[in-house]
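Chain and residue survey
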Amino acid sequence: MVMHHNETCWAAMPALLDEVQAIADDVGLPFLAAQADLADPEPMSDQNGLPYAESRFRWINSTARFWRNRKLALNSPLLSATRLVSEAFYCSGGQLSLGRPSRLLDGINGAEAQKSIGHGEAIITPVHMPRGLVGTVFWVSKEPVGIATIFAQHAARLQNIAIRLASTHNEARGRLRSAITPQRLTRREAQCLRWAAAGKTDGEIGIILDLSVSTVRFHLRNAGKKLGATGRAQSIQLAAGLGFIGSV
């Protein structure tokens, strides 16, 4: 019997979850929290809807039910930080660090972030996927464990397994069903999208690129069709998420 792709991904999840917990125990950060899609109000769960936070992963406070807080994704400083950076970082003593000089996390309240992990330390591994999907895994200790050393030795390993976990779970749930590889955008299509993302009107884009308004609209329509978008705003979002237009 041939399994459907989603079923294959679900079948892979138990072993992957075991591997995640084994690595967490091995590096000395045994308490875990994971979410494959931060925009999903439901917790990351198995095929039957049972949250992994209940069935698979341990947390510092065994009586906490943090996954039931639907405002967490909007209010948590650590999740805000997860959206800002795409590489692993750590939290210790009320400070957030990428393990290198950076200002990306300067705007995050480290003291508030520390509250979510109590007196312990944590490594956070963001997972930024195509089409705007963002997931994460928190690897946490109950007490200080020398997180800077653990980070230097194991951050890449933790990042890799977090990517596999979030991606596999999103595919199992069908979150990536529309994330097909789009046809190539032409140079003009990408240019028109980039200026549209910068807030320019079709007329302004035409002046900048020396094109007629109808030609600008033609390129934007074609780009939208290739990306599978339903409108201008979604075309811009998808093009940015797929790396066609970069930052604006």
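1. Comments concerning the pattern of salt bridges
Under the criterion given, the structure shown has 10 salt bridges. Note that R232 is salt-bridged to D202, the shortest N-O span being 2.8 Å. Placement of R232 in helix α10 (residues 232–241) and of D202 in helix α8 (residues 202–209) is noted, with a sequence separation of 30 residues between them. By relative accessible area, which is 37% here, R232 ends up partly exposed. In the salt-bridge network here, residues are joined through shared partners; they are D202, R217 and R232.

2. Some details on the layout of surface pockets
As a volume, the largest pocket reaches approximately 660 Å³. What lines the largest pocket is a set of 34 residues, among which F66, W67, L72, A73 and L79 lie closest to the centre. The element best represented in the lining of the largest pocket is strand β1 (residues 31–35), accounting for 4 residues. Taken together, the residues of the lining of the largest pocket sort by class into 23 nonpolar, 6 polar and 5 charged.

About the cut-offs
- Residues numbered from 1 in each chain as written.
- Predicted model: local features only at pLDDT ≥ 70, side-chain atom pairs only at ≥ 80, totals over all residues.
- Heavy atoms only, no water.
- Salt bridge = Lys/Arg side-chain N within 4 Å of Asp/Glu carboxyl O.
- Helix = DSSP H or I, 4+ residues; strand = E, 2+ residues; numbered from the N terminus.
- Buried < 20%, exposed > 50% of the residue type's maximum accessible area, 1.4 Å probe, protein only.
- 1 Å grid on protein atoms, 1.4 Å probe; cavity = no way out; pocket = protein on both sides within 12 Å on 5 of 7 lines; lining within 4 Å.
- Points joined across faces, edges and corners; volume = space filled by probe spheres on them.
- Nonpolar A, V, L, I, M, F, W, Y, C, P; charged D, E, K, R; others polar.

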